[in-house]
Amino acid sequence: SPKSSSLFLLPYPNDHIKMGGAATRRARISNPRVVLIGDAGSGKTSLIISVASDSFQAKAVPVLPPTCLPANFYGDGIPLTIIDTSSRLEDRSKLEMECKTADAIVLTYACNKALTLARVSSYWLPELRRIGVKVPVIVVGCKLDLRTDEQPNLEKTMAPIMRKYKEIETCIECSALRQVQVAEVFYYSQKAVVHPTAPIFDQETQTLRPLCVRALKRIFINCDHDRDGALSDAELNEFQVKCFGAPLQPSEVVGVKKVVADKLPEGVNENGLTFTGFLFLNALFVERGRMETAWTVLRSFGYDDKIRLRDDLLQNPSFKRSPDQVLQVFIVCLWFDILQVGRKTLSCVHINLADCGVDRQSC
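Residues numbered from 1 in each chain as written. Predicted model: local features only at pLDDT ≥ 70, side-chain atom pairs only at ≥ 80, totals over all residues. Heavy atoms only, no water.

Caption draft 1: Structural detail: the overall build of the protein. Secondary structure summary: the protein contains 13 helices and 13 strands in total. Burial analysis of the protein (363 residues in total) assigns 49% to the buried set. Restricting the contact set of the protein to residue pairs at least 6 apart, pairs at least 24 apart contribute 64%. When the accessible surface of the protein is summed, it comes to about 18000 Å², and 54% of that surface belongs to carbon and sulfur atoms. (Helix = DSSP H or I, 4+ residues; strand = E, 2+ residues; numbered from the N terminus. Buried < 20%, exposed > 50% of the residue type's maximum accessible area, 1.4 Å probe, protein only. Contact = heavy atoms within 4.5 Å. Areas by Shrake-Rupley, 256 points an atom, 1.4 Å probe, with all protein chains shown as cover.)

Structure below.
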């Protein structure tokens, strides 16, 4: 199977379930809290029992106590706490409280009950907005084994809903009875927290966000040691090792450049991979749902979950910089500007003085 460390090889559909990475280990959220909501009888409790025990209970208890998937469940060292809820009116205040403390929401409907799917957009999503919940939402169709051919296609049904509700991270259907895509539900829930889409990618325009492009530009320039405007095979491999801990094989390097050249001829020149090509590769991973790859790159170069340089880097007087880089303190911002002066590159680090404990008068 493809290597998880490879820059350009994508895993087969189910390989990602057991795949970890440096970005995951460094993530700030050490125990994501996922809250399940949805209509009564939509399959919430059975879904939790199925993922926790690899079994199905026809008569499940009404509401389960908090369930914890251990840190080694997905092989990434991060435990996951799953919260079951009741949709009864008398339990509404507790449901709202649980939603407000969630890191991600799993919103369920029953594949064999059209009304529960309709209420995803007519009730549940508006209700989450009303109570001020602003976390990723995973829409999950349960009881896939009961779906009939007459019922609407998931993609056609959810596409307009996802355009309206940008908080939806992904949609998936599963069967607790048949153990079909049950583990994937909570993998995507964890992934939405640890590797969020919103800071990197604009779902509406289908493009990388400006701050992400800016960060990738800094990363590219820092890796372009000879300042020729392209990453040579050696520079590309150094980048690969820094981010993923393993070099590319010569055939893989050729493959990377071929993938880019076939789609974007200006992405490769005689010196190697250009910034345009580098940006294309990172955008390709995001478009294919490989957010963990994009976050591995960003976090390996010191960026936090808001794509700003981590405080410990900015406040550390031993901040590493190349001979042709200048550390300069400004008052207003918290990110890198890249200025190219001829063949010389200046990286100006903007630091919030208050965060660094510096008195403005003493500057």
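From this point on, the discussion continues.
Caption draft 2: Quick look at unusual backbone geometry. A positive phi angle is found at D54, which is not glycine, with a value near 55°. Relative to the elements of secondary structure, D54 occurs in the loop between helix 2 (44-53) and strand 2 (67-69). Owing to a relative accessible area of 61%, D54 belongs among the exposed residues under this scheme. You will see that Q206, though not glycine, has its phi angle at about 60°, which is positive. Considering the arrangement of structural elements, one finds Q206 in the loop between strand 7 (201-202) and strand 8 (207-208).

Caption draft 3: Highlighting the pattern of salt bridges. Within the structure shown, the criterion is met by 14 salt bridges. The shortest N-O distance in the salt bridge between E127 and R130 comes to 2.7 Å. Highlighted residues: E127 and R130, both in helix 4 (residues 114-130), separated by three residues, approximately one helical turn. Residues E173 and R147 are paired through a salt bridge, measuring 2.6 Å at the closest nitrogen-oxygen approach. Taken as a pair, E173 in strand 6 (residues 168-173) and R147 in the loop between strand 5 (137-142) and helix 5 (154-164) lie far apart in primary sequence, 26 residues in all. According to the relative accessible area criterion, E173 is buried, its value standing at 9%. (Salt bridge = Lys/Arg side-chain N within 4 Å of Asp/Glu carboxyl O.)

Caption draft 4: Seen up close, the packing of helix 8 (residues 233-244) against helix 11 (residues 291-300). Between helix 8 and helix 11, whose axes approach to 9 Å, the crossing angle comes to 95°. Taken as axis vectors, helix 8 and helix 11 run roughly perpendicular relative to one another. From helix 8, F239, K242, C243 and F244 reach across to helix 11, where they touch T293, T296, V297 and S300. Broken down by class, the residue content of the contact of helix 8 with helix 11 amounts to four nonpolar, three polar and one charged. (Axes fitted to C-alpha atoms, helices over the stretch in contact; angles between N-to-C directions. Parallel < 35°, antiparallel > 145°, perpendicular 65-115°, else oblique. Nonpolar A, V, L, I, M, F, W, Y, C, P; charged D, E, K, R; others polar.)

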